[in-house]
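One-letter residues, chain by chain:
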Amino acid sequence: MDKLNAGYHEVKKDIVVAHGETAPALQEASSILKQRKEIENKQRLLDAFKGHFLMSEDEVAALTQTAEPVDKAFFDALNKAKKISQDCELLLGFENQTLGSELMEQTSKNINLGFQKLYKWIQREFKTLNLENPQMNSSMRQALRVLAERPSLFQNCLDFFAEARERILSDSFYAALTGASTSGIEDRSVKPIDMAAHDPLRYVGDMLAWIHSAMVSEREALEILFVAEGDELAKGLKTGRDAEVWRLVADENDDAGDFNALRALHDLVDRDISGASRILRQRVEQVIQTNEEIIPAYKLANLIGFYHVTFDKLLGKDSSLLESMIGLQTEAMRQFKGLVRDRIATLQAEFQQPPSDLGPPHFLQESLDQVQSFVQTYDTSLTSAEDRESGFDDVLTETFDPFMVGCENIAKSMKSPDGFIFLLNCRLVAMSALGSHDFTSSRLDPLREQKEAESQKLVENQHRFFREESGLEPLIKSIEEKTEETLDVSQLRQASQVLDDFLPSALMDAVERLKHLQDSSLARKITAEAAEKFCTNFEDLEDTVIEGDDGSEDEPGSLRSAFPRTTAEIRVLLS
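Reading the values: the criteria
- Each chain carries its own residue numbering, running from 1 in the written order of its sequence.
- Local features are withheld for residues below a pLDDT of 70 in this predicted model, meaning they are given only at 70 or higher, and side-chain atom pairs are given and counted only at 80 or more; totals for whole chains, interfaces and linings count all residues.
- Note that water and hydrogens are dropped before the side-chain values are worked out from all heavy atoms of the structure.
- Working definition: helices are DSSP H or I runs of at least four residues, strands are E runs of at least two. Numbering for both runs from the N terminus.
- Burial classes: relative accessible area under 20% of the type maximum marks a residue as buried, over 50% as exposed, and values in between as partly exposed (1.4 Å probe, protein chains only).
- It only takes one pair of heavy atoms within 4.5 Å for two residues to be counted as in contact.
- The method behind every accessible area is Shrake-Rupley, applied with a 1.4 Å probe, and residues are considered shielded solely by the protein chains displayed.
- Each axis is a line fitted through C-alpha atoms, and for a helix only the stretch in contact is used; angles between axes span 0 to 180 degrees, taken between their N-to-C directions.
- Roughly parallel here means an angle under 35 degrees, roughly antiparallel means over 145, roughly perpendicular means 65 to 115, and every remaining angle is called oblique.
- By convention the crossing between two helices is left-handed if the near helix lies anticlockwise of the far one by an angle smaller than a right angle, and right-handed if it lies clockwise.
- In this count, Pro and Cys sit with the nonpolar residues alongside Ala, Val, Leu, Ile, Met, Phe, Trp and Tyr, while Asp, Glu, Lys and Arg are called charged and the others, Gly among them, polar.
- Nine residue types can take part in a nonpolar core, namely buried Ala, Val, Leu, Ile, Met, Phe, Trp, Tyr and Cys, and a core is a set of them joined through side-chain atoms within 4.5 Å.
- For this analysis, a salt bridge means a side-chain nitrogen from Lys or Arg found within 4 Å of a carboxyl oxygen belonging to Asp or Glu.

Caption draft 1: Layout of the overall build of the chain. Scanning the chain from terminus to terminus reveals 22 helices and zero strands. Scored against the burial criterion, the 575 residues of the chain give a buried share of 40%. Excluding contacts between residues fewer than 6 apart, the proportion of contacts in the chain whose partners are at least 24 apart in sequence is 75%. Put simply, the chain shows about 32100 Å² of open surface, and 51% of that area lies on carbon and sulfur atoms.

Caption draft 2: Spatial organisation of the packing of helix α17 (residues 441–469) against helix α19 (residues 489–513). Their axes nearest at 9 Å, the elements α17 and α19 cross at an angle of 160 degrees. Considering their axes alone, α17 and α19 lie roughly antiparallel with respect to each other. In terms of crossing hand, the pair formed by α17 and α19 is right-handed. Packed against α17, whose contacting residues are Asn461, Gln462, Phe465, Phe466 and Glu469, the element α19 presents Val498, Phe502, Ala506, Asp509, Ala510, Val511 and Arg513 at the interface. When grouped by side-chain class, the residues that make up the contact of α17 with α19 number seven nonpolar, two polar and three charged.

Caption draft 3: The arrangement of the nonpolar core in detail. Core analysis: the largest hydrophobic core is formed by 137 residues, its most contacted members being Leu118, Ile122, Phe466 and Leu472. With 11 residues, the top contributor of residues to this core is helix α11 (residues 294–315). Ignoring any residue separated from it by four or fewer positions in sequence, one finds Ile122 in contact with Met140, Ala143, Leu144, Leu147 and Cys157.

Caption draft 4: Broad picture of the pattern of salt bridges. For the structure shown, the criterion picks out 28 salt bridges. A salt bridge links Lys337 to Asp394, with the nearest nitrogen and oxygen atoms 2.5 Å apart. In this pair, Lys337 is assigned in helix α12 (residues 320–346) and Asp394 in helix α14 (residues 385–399), connecting sequence segments 57 residues apart. With a relative accessible area of 19%, Lys337 lands in the buried category. By relative accessible area, which is 32% here, Asp394 ends up partly exposed. Measuring nitrogen to oxygen at the nearest pair gives 2.9 Å for the salt bridge that ties Arg467 to Glu480. Highlighted residues: Arg467 in helix α17 and Glu480 in helix α18 (residues 473–481), separated in sequence by 13 residues. Connected through salt bridges with shared partners, the residues Asp159, Asp267 and Arg271 form a single ionic network.

Caption draft 5: Expanded view of the packing of helix α15 (residues 401–412) against helix α16 (residues 418–434). Contact geometry of α15 with α16 gives a least axis separation of 9 Å together with a crossing angle of 165 degrees. With respect to α16, the element α15 is oriented roughly antiparallel. Every pair of crossing elements has a handedness; the one defined by α15 and α16 is right-handed. Between α15 and α16, the residues in contact are Met404, Cys407, Glu408, Ile410 and Ala411 and Gly419, Phe422, Leu423, Cys426, Arg427 and Ala430, respectively. Here the residues of the contact of α15 with α16 are counted per class, giving eight nonpolar, one polar and two charged.

The following block contains the structure:
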């Protein structure tokens, strides 16, 4: 046991000595391992920081180098740069802001270079963009969505695009007109619109149809950009404007800068077509000023009005093309009215000469033929229902009213019933020319009333003819006036003789008086109404005769024996 204890103590002594010698090394190793772990944690943190807040050389190159394409790598790099810039705001919240400010400065520089690269790339793409076969690829739409975050660059791109499209469409319109490009190169596949210049209506119609077709194609192509991507563009523009310093001091209620996709589309199409519309206006004005015929002048004004309504639906009211169309329509109507007034001035002599057959005068027939053409043309127009009557009323004031007034003036110098017959013929043919249209009611309704008034005047004239030619006028008049005079047998006998001579041909003579009335059924109606009134008068006269005899009508020398005719006989003879 002593030996074992001595050995144990000896080993323990060696172990204590060994521990004493290795303790410093173990402590140092432990410290080193702890430091290594800390360094590894910092390394992972640094790698994560670098991966989130720093861009690789390839990403920086894809974002800023103009030699690199604008593709998915570019947009990914730009999105990362914007995310870094946004997250750098968190670093600025710490006490040491140096790192955050340096990162934000470098990132902002890269973002600005990226937007400049995108701006130039879009401009290059716009130069080669073919809208006649519109295939807006996804890269172009994405590029515009992203560029909208820089409103000034986005607007510059739109201006550049509008200028380029204006030149292209102007050159295309010129080529369509002349069959040759602006440089003088002839295109035999195109039939020049100028070949139809001899026909003003077709010439203007072809030009307006070309403008309409170009507008529709332009709108359809640009809808892909501004309507399909309208919400995204609006968000991008709002983000960009809110980041601009000068917007921060603007009125919070100012919505003037809000992006409206449809309004932007209308504005861009209007700007694209503005060059061609200037050429159109010059040529249409020349056609309007050189035309000297009334009907083509009106059809020309109506054609311009048709396209005015069509363009209004495509572009809205606030467009330069609509202003041009309004001006052209006003000019065309002014020329039309001037030609009508010149025509009226040359017909002043005819306004004093009544026709021998009491029919509508030649100047009225000619004017009504024109009015019929105007009615047919206007009926096919696109004028809204509430404006149709007022829109055509101005035309009738110039082309219809002066000629009807001329007919009324002629009638004033004519004897009755010729004057009444003449006016009735004029009003009947006018009603037929105007037709039953909602936009002619302002003239048709008064014409119908005037026709009835003239018919009643003819009825009264025919009634007076029956009374006077029958020899019964004095007797009927005394009954109507209820005079105290008694009927005289000799007077009745004489009146009866005149009546007997009148009755056989009375109806034929009355109809003959209205032979110039062009509506024979109306003439028969007027005569029948006048005959009925005469029969009523005769019935009153017969009753008076019977009352005068006081029951002694069968005795010789009675009133009835001197005046034997009955109302029934008169009705039969005049029916």
